[in-house]
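Next come the chains, spelled out residue by residue.
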Amino acid sequence: MNQTKHVLQQQDGAILLLTINRPEKKNALTLDMYQALIDGLTLAEQDDTIRVVLLSGHADCFTSGNDIQDFMAAASQPDKAALPLKFLQTISTFSKPVIAVVAGDAVGIGTSMLLHCDLVFCKHDARFQLPFARLGLVPEGGTSLLLPQQLGHRLAFELLVMGNRIDGVRAAELGLVNSASDDPLGDAKKAAQQLSSMPPQAVKLSKKMMKSHQQALLQTVLLDEVAQFKERLSSAEAKEAFTAFLEKRPPVFN
Ligand code: COA
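Residues numbered from 1 in each chain as written. Predicted model: local features only at pLDDT ≥ 70, side-chain atom pairs only at ≥ 80, totals over all residues. Heavy atoms only, no water.

J.: Honestly, the overall build of the protein chain in this entry has me stumped. Any pointers?
T.: Of the regular secondary structure elements, the protein chain holds eleven helices and ten strands. At 17 Å, the protein chain has a C-alpha radius of gyration in line with the 18 Å of a compact globule built from 254 residues. If one aligns the C-alpha atoms of the protein chain with their principal axes, the spans along those axes are about 55 × 40 × 35 Å. Looking at the protein chain as shown, the accessible area adds up to about 12100 Å², and 55% of this sits on carbon and sulfur atoms. Taken as two groups, the 25 positive and 27 negative side-chain charges of the protein chain have centres that lie 0 Å from each other. (Helix = DSSP H or I, 4+ residues; strand = E, 2+ residues; numbered from the N terminus. Rg over C-alpha atoms; globule rule 2.2 N^0.38 Å. Areas by Shrake-Rupley, 256 points an atom, 1.4 Å probe, with all protein chains shown as cover. Lys, Arg positive; Asp, Glu negative; His and termini not counted. Charge placed at Lys NZ, Arg CZ, Asp CG, Glu CD.)

J.: What is the right way to look at the site of the ligand in this model?
T.: Neighbouring the ligand are 16 residues; Lys 25, Ser 64, Asn 66, Ile 68 and Lys 248 lie closest to it. Here a nitrogen atom of the ligand sits 2.8 Å away from a polar atom, N or O, in the main chain of Ser 64. Side-chain polar atom of Lys 248 to an oxygen atom of the ligand: 2.8 Å apart, as the coordinates give it. Relative to its free-state accessible area of 870 Å², the ligand is covered by the protein chains to the extent of 69%. For the shell around the ligand, the secondary-structure elements that each account for two or more residues are helix 2 (68-76) and strand 6 (105-107). Looking at the shell around the ligand residue by residue, the class counts come to seven nonpolar, three polar and six charged. (Near = heavy atom within 4 Å. Polar contact = N/O pair within 3.5 Å; in protein donor to acceptor, adjacent residues only side chain to side chain. Nonpolar A, V, L, I, M, F, W, Y, C, P; charged D, E, K, R; others polar.)

J.: Is there a simple way to explain the sheet that holds strand 6 in this structure?
T.: One key point about sheets: their strands pair by backbone hydrogen bonds, in either a parallel or an antiparallel sense. Within the open sheet, the four strands sit side by side as 4-6-8-9. Their pairing is mixed. Each edge of the sheet is formed by a strand with only one pairing partner; in this case those strands are strand 4 (61-63) and strand 9 (166-167). (Pairing = 2+ DSSP bridges.)

J.: What exactly am I supposed to notice about the packing of aromatic side chains here?
T.: Aromatic rings considered in pairs are described by the distance between their centres and by the relative angle of their planes. Applying the stated criterion to the full structure yields two aromatic pairs. Ring geometry for Tyr 34 versus Phe 87: centroids 5.9 Å apart, planes at 50°, classification tilted. Taken together, the residues span a long stretch of sequence, with Tyr 34 in helix 1 (residues 31-46) and Phe 87 in helix 3 (residues 82-92) at a distance of 53 residues. For Phe 87, a relative accessible area of 1% translates into the label buried. Between the aromatic rings of Phe 132 and Phe 229, the centroid separation amounts to 6.3 Å while the plane-to-plane angle is 80°, which identifies the pairing as edge-to-face. Note that Phe 132 is positioned in the loop between strand 8 (127-129) and helix 5 (143-151) and Phe 229 in helix 10 (residues 215-233), a separation of 97 residues in sequence. In this pair, the class of Phe 132 matches that of Phe 229, namely buried. (Phe/Tyr/Trp six-rings, centres within 6.5 Å; stacked < 30°, edge-to-face > 60°. Buried < 20%, exposed > 50% of the residue type's maximum accessible area, 1.4 Å probe, protein only.)

J.: I'm lost on a nonpolar patch on the surface in this one. Help?
T.: Taken together, the side chains of Met 72, Phe 245 and Leu 246 make up a nonpolar region of the molecular surface, amounting to roughly 270 Å² of accessible area. As for its position among the elements, Leu 246 is in helix 11 (residues 236-246). (Patch = residues over 30% accessible without salt bridge, like charges linked within 9 Å, V, L, I, M, F, W, Y side chains within 5 Å. Salt bridge = Lys/Arg side-chain N within 4 Å of Asp/Glu carboxyl O.)

J.: Would you explain the packing of helix 1 against helix 3 in this entry?
T.: Between two packed helices, the angle of one axis relative to the other and the distance separating the axes together describe the packing. Direction vectors running N to C along helix 1 and helix 3 enclose 25°, while the axes themselves pass 9 Å from each other. On the basis of the axis angle, helix 1 is roughly parallel to helix 3. Note that helix 1 runs across helix 3; the crossing there is left-handed. Across the interface between the two elements, Leu 31, Tyr 34, Gln 35, Leu 37, Ile 38, Leu 41 and Thr 42 from helix 1 touch Leu 83, Pro 84, Lys 86, Phe 87, Thr 90 and Ile 91 from helix 3. Partitioned by chemical class, the residues of the contact of helix 1 with helix 3 number nine nonpolar, three polar and one charged. (Axes fitted to C-alpha atoms, helices over the stretch in contact; angles between N-to-C directions. Parallel < 35°, antiparallel > 145°, perpendicular 65-115°, else oblique. Left-handed = near helix turned anticlockwise from the far one by under 90°. Contact = heavy atoms within 4.5 Å.)

J.: Is there a simple way to think about a negative patch on the surface in this case?
T.: Together, Asp 125, Asp 167, Asp 182 and Asp 183 make up a negatively charged patch on the protein surface. Relative to the helices and strands, Asp 183 resides in the loop between strand 10 (179-181) and helix 8 (184-196). According to the relative accessible area criterion, Asp 183 is partly exposed, its value standing at 44%.

As structure tokens, this is what we get:
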């Protein structure tokens, strides 16, 4: 099993806790970290003693999304995009409940992945942002399908194209999360306990029924998004956005 120091794995009864743990880089996700998350979910899928997965980050950052250095490397090695895609395929088809806890920033895939979780609890001042277009990229993670479905075109446009950031209170108002509170981990653990004491097959079947109507469509959308995302990674716009981030200056798009 691939447990790295950057993704901690701990079983507490029937609950598997996966904790993203790279605070010095705001929990930015490297390819190793994607692999560790995939391995954790695969283990949880196969192990009957695990009934719920609880996914969390650090006290001040859920994740700042894909590691920008990896994005730059992927521009010359497009196959590197395969692991983030595999992670999204794994979490979006995972059969048991996944509960996410968000404190601090959830950027890019940090927010996209929440659309595949069954419950999301966050801090009032958590920050959610999908800055794909600002970075010269396009939506990923099924957001181009799921976000307009959940919010309607205009609100989704604000978040997905303009890349506007919202806090936990607003995210709860919009229904992007279940609730915003001072103790989202406590809220998540309570929900996890409730779910892990319920009949596991009934829970799994119910989740499957809720998602089955558009599962095939979602999987096609994930692939389509990645194909366009890969092209954008080597665009001049993306290059300028990534370089500007690393040089700590505003990007200039001529
Ligand atoms: N990839 C690589 N490194 C990242 C990163 C990322 N996605 N996000 C943050 N870091 C690094 C910074 O480069 C910095 O490293 P340094 O200390 O070696 O200079 C460190 O993490 C701290 O980040 P910083 O920007 O100083 O923290 P902040 O609290 O001011 O801002 C964020 C936090 C998350 C708002 C900001 O870091 C950010 O916008 N990150 C990029 C998010 C992004 O665009 N992700 C891709 C989405 S598709």
